[in-house]
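Given next are the chains, with one letter for each unit.
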Amino acid sequence: MYQHQTVALQHIDLPLGKVVCIGQNYQDHIAEMQSKTAAEALFFIKPTTALVPLTPGFSIPTTQGAVHNELEIAVLIAKPLKQASFAEVNEAIWGYGLALDLTLREVQAKLKQLGRPWEIAKGFDGACPLSGFVPKQAVQHPQQLDFSLTVNGELRQQGNSANMIRGISQLISEMSQHFTLLPGDVVLTGTPAGVGPLEAGDTLQLQLADFFSITTLVTN
């Protein structure tokens, strides 16, 4: 069962909440998906049941087509945010980690084609494997964080938070205009280019700057 914790595996005294995500926040990912940059942010939500520990391993669906990795910086919220200013956002952040926004790509494409919402492609049980968090006090420059994903020893995704279209404070402030964020909620900040299918048996290595590097396994 998932619980918020530090990268040192210490319990964080916050409840489990929803996961609020932003799509299309890196220009290179927009290009690889052959999409277009929109003026308004694309927000969507994963339920609490999507949260699972990233380590020692996580399972993926096997009967609904390709499951794609989308590596993202995750932000843990510690205080309520509603129509929040940038300063209020910064005050409310507990810390930073990494998450996989797992996506049933063929399901998502079909739903998009039909003009329907695609929550079932993004919000299924286990759709958000999540690392431990680094306290914000330890992260001097959150808008300059390198992060990467290696699959079976090959680099698949590499990004830096400096390349976000909407920075962390801006995107969380905008989210809070639509959704009240509560203690224990997690915000996913978008994925850079390099999304692709995962298979059972894959070994993944995820790295967040110099703060941590973790290895996990995709299981059946």
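Refer to the structure above for everything that follows.
Remember, predicted model here, so these are calculated numbers, not experimental data.

Description of the packing of aromatic side chains
Right, so step 1: Throughout the structure, instances matching the rule amount to 2 aromatic pairs.
Right, so step 2: Measuring from centroid to centroid gives 6.2 Å for Tyr26 and Phe147, while their planes differ by 65 degrees, and the two rings are edge-to-face. Here the residue Tyr26 occupies a position in the loop between β1 (19–23) and α1 (27–32), and Phe147 occupies one in strand β11 (residues 146–151), the gap between them amounting to 121 residues. Across this residue pair, the class does not change: Tyr26 and Phe147 are buried.
Right, so step 3: On the numbers, 5.2 Å between centres and 65 degrees between planes, the contact of Phe44 with Trp118 is edge-to-face. Pair noted here: Phe44 is in strand β2 (residues 42–46) and Trp118 is in the loop between α3 (105–113) and α4 (119–122), with a separation of 74 residues, a long-range link.
Right, so step 4: Judged by its relative accessible area of 7%, Phe44 falls in the buried class.
Right, so step 5: Classification of Trp118 by relative accessible area gives buried; the value is 15%.

Observations concerning the pattern of salt bridges
Right, so step 1: Considering all chains together, one arrives at 7 salt bridges under this definition.
Right, so step 2: Residues Asp101 and Lys122 are paired through a salt bridge, measuring 2.8 Å at the closest nitrogen-oxygen approach. In this pair, Asp101 is assigned in the loop between β7 (93–100) and β8 (103–104) and Lys122 in helix α4, connecting sequence segments 21 residues apart. Summarising the burial analysis for this pair, Asp101 and Lys122 share the class buried.
Right, so step 3: Of the charged contacts, one joins Glu174 and Arg166 as a salt bridge, the two residues approaching to 3.0 Å between their closest N and O atoms.
Right, so step 4: Taken together, the salt bridges that share partners define one network made up of Lys46, Glu70, Asp101, Arg105 and Lys122.

Cut-off values and rules
Residues numbered from 1 in each chain as written. Predicted model: local features only at pLDDT ≥ 70, side-chain atom pairs only at ≥ 80, totals over all residues. Heavy atoms only, no water. Phe/Tyr/Trp six-rings, centres within 6.5 Å; stacked < 30°, edge-to-face > 60°. Helix = DSSP H or I, 4+ residues; strand = E, 2+ residues; numbered from the N terminus. Buried < 20%, exposed > 50% of the residue type's maximum accessible area, 1.4 Å probe, protein only. Salt bridge = Lys/Arg side-chain N within 4 Å of Asp/Glu carboxyl O.

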